[in-house]
Amino acid sequence: MMTRALLFLCLLLASSCAHRNLTYLSDLEDEATHTESITNEVDPKIQSNDLLEITITSLSPESNILFNRGIINTGGAAAAGGNNGGTTAMSEGYLVDKDGYITFPVLGRIKLAGLTKREATEALTAMLSSYARDPIVYLKFQNFKVTVIGEVKRPASFTVPSEKINIFEALGLAGDMTEYGKRENVLLMREQNGQRITTRVNLNSKDVLNSPYFYLQQNDIIYVEPDVVKAVQVSGGRRNFQFGVAIMSAVFSVTTFLLTRIL
């Protein structure tokens, strides 16, 4: 009885594997060029626990030193040290607290959570104009990262220097899916506005290109689930699975032989 059940399961697994679609965007039309407008690109917004690099330059050397954690090039006497433009020290970073604020020199606590980089830059520039001549604000995420786990070749967290990445690029960083990865049912987890969002994405369909989850945001997690074959190998034991496949192969051979004799 157990052998029959195992055989049936193996036949079911073989059938499901034979119909697995391993091609991304498989329903995309076979055209030389496919063009459509990008409507789902969204600038990432600053969130709690983001680490921001903020550098200020202005026409006032004193202000530059005051508003930066380190020495930056002022374009004046500091450049005469012989290193072709002076020294630039990287900022230690400003951590956005749980309430969405950073603590900035002179300005004190400033709420940046909920703003895009451009909006935050404009807000800081306006505030600094009272203390520095023609300030220029450079703002960058220091910890913009995404995590890819599950049925991929190199599961890990990846820091994204460009602060822009889509789901295919993230999978590429992780070495792409294994043959066991369920491309039609990828789980994406995102924390946004105090909420945890989970959604399923079908990478076999071209509709993903217009999905609001095609472009990733900081701290997104992508989980590629294993298909039923991998699940059986792990939970049921590889030996039993191979035994079932051997039985299935033998039954198939006998059945083919009998059909050949009958016909």
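In case you missed it, the structure is sitting above this.
As the structure is a prediction and not an experimental result, all values here were calculated from the model.

Rules behind the numbers
Residues numbered from 1 in each chain as written. Predicted model: local features only at pLDDT ≥ 70, side-chain atom pairs only at ≥ 80, totals over all residues. Heavy atoms only, no water. Helix = DSSP H or I, 4+ residues; strand = E, 2+ residues; numbered from the N terminus. Buried < 20%, exposed > 50% of the residue type's maximum accessible area, 1.4 Å probe, protein only. Areas by Shrake-Rupley, 256 points an atom, 1.4 Å probe, with all protein chains shown as cover. Pairing = 2+ DSSP bridges. Axes fitted to C-alpha atoms, helices over the stretch in contact; angles between N-to-C directions. Phe/Tyr/Trp six-rings, centres within 6.5 Å; stacked < 30°, edge-to-face > 60°. Contact = heavy atoms within 4.5 Å. Core = buried A, V, L, I, M, F, W, Y, C linked by side-chain atoms within 4.5 Å. Polar contact = N/O pair within 3.5 Å; in protein donor to acceptor, adjacent residues only side chain to side chain. Patch = residues over 30% accessible without salt bridge, like charges linked within 9 Å, V, L, I, M, F, W, Y side chains within 5 Å. Salt bridge = Lys/Arg side-chain N within 4 Å of Asp/Glu carboxyl O.

Student: Is there a simple way to explain the overall build of the protein chain in this structure?
Tutor: Assigned secondary structure in the protein chain consists of 6 helices and 10 strands. Buried residues in the protein chain amount to 35% of all 263 residues. Per element, the accessible surface of the protein chain, about 15800 Å² overall, is 56% carbon and sulfur.

Student: Can you help me understand unusual backbone geometry in this one?
Tutor: With the exception of glycine, the majority of residues adopt a negative phi angle, and the majority of peptide bonds are in the trans configuration. Of note in the backbone geometry, D176 takes a positive phi value of approximately 75° without being a glycine. Assignment of secondary structure puts D176 in the loop between α4 (167–173) and β8 (186–192). Non-glycine residue N219 carries a positive phi angle of around 75°. Tracing the backbone shows N219 in the loop between β9 (195–201) and β10 (221–224).

Student: Please explain the sheet that holds β10 as it appears in this structure.
Tutor: Think of a sheet as strands paired side by side through backbone hydrogen bonds, with each pair either parallel or antiparallel. What the 5 strands build is an open sheet, ordered β7-β6-β10-β8-β9; its pairing is mixed. Two strands close off the open sheet at either side, each with one partner strand: β7 (156–159) and β9. Between one strand axis and the next, the sheet turns by 20° as a mean value, whatever way the strands run. In this structure, β8 lies alongside β9, joined through 7 bridges in antiparallel fashion.

Student: I would appreciate a short explanation of the packing of aromatic side chains in the present structure.
Tutor: Per the counting criterion, the structure on display carries 7 aromatic pairs. Aromatic pair Y24 and F168: ring centres 5.4 Å apart, planes at 75°, arrangement edge-to-face. Within this pair, whereas Y24 is found in the loop between α1 (2–18) and β1 (51–57), its partner F168 is found in helix α4, the two being separated by 144 residues in sequence. A relative accessible area of 23% means that F168 is categorised as partly exposed. Centroid distance F67 to F104: 6.2 Å. Interplanar angle 15°. Geometry classified as stacked.

Student: Teacher, can you tell me more about the sheet that holds β1 here?
Tutor: Read across the open sheet, the 3 strands follow the order β2-β1-β5; overall the sheet is antiparallel. Lying at the two open borders of the sheet, with one neighbouring strand each, are β2 (94–95) and β5 (136–141). Along the sheet face, helix α3 (residues 117–128) touches β1 and β5 and points at about 145° away from the line of β5.

Student: I'm lost on the nonpolar core in this one. Help?
Tutor: Burial of nonpolar side chains together is a common tendency in soluble globular proteins. Membership of the largest hydrophobic core comes to 42 residues, with the highest contact counts inside it found for L52, I54, I102, F104 and I167. Among the elements of the structure, β1, β3 (101–104), α3, β5, β6 (145–150), α4, β8 and β10 are those that each provide at least two residues to this core. With sequence-adjacent residues up to four places away left out, I102 is seen in contact with L52, I54, Y94, L95, V96, G108, R109, I110 and L112.

Student: Explanation requested: the environment of S211 in the structure shown.
Tutor: Within the secondary structure layout, S211 lies in the loop between β9 and β10. We classify S211 as buried; its relative accessible area is 14%. Distance in space between the C-alpha atoms of S211 and V201 is 8.5 Å, their sequence separation being 10 residues. Polar side-chain contacts of S211 include one of 3.0 Å to the backbone nitrogen of Y213.

Student: Please explain a nonpolar patch on the surface as it appears in this structure.
Tutor: Taken together, L66, V106 and Y131 make up a surface patch of nonpolar side chains, about 290 Å² in accessible area. Within the secondary structure, V106 is located in the loop between β3 and β4 (108–111). Among the residues examined, V106 registers a relative accessible area of 45% and is labelled partly exposed.

Student: In this structure, what is going on with the pattern of salt bridges? I would like to understand it.
Tutor: When charged atoms on two side chains of opposite charge get close, those side chains can pair. Tallied over the full model, the rule gives 8 salt bridges. Taking the shortest distance from any N to any O, the salt bridge between E41 and K164 comes out at 2.7 Å. With E41 in the loop between α1 and β1 and K164 in the loop between β7 and α4, this residue pair connects regions lying 123 residues apart in the sequence. Among the salt bridges present, the one from K117 reaches E163, with a minimum N-O distance of 2.9 Å. Within this pair, whereas K117 is found in helix α3, its partner E163 is found in the loop between β7 and α4, the two being separated by 46 residues in sequence. Residue E163 is classed as buried on the basis of its relative accessible area of 8%. A single network of salt bridges, built from pairs that share partners, joins K182, R200 and E225.

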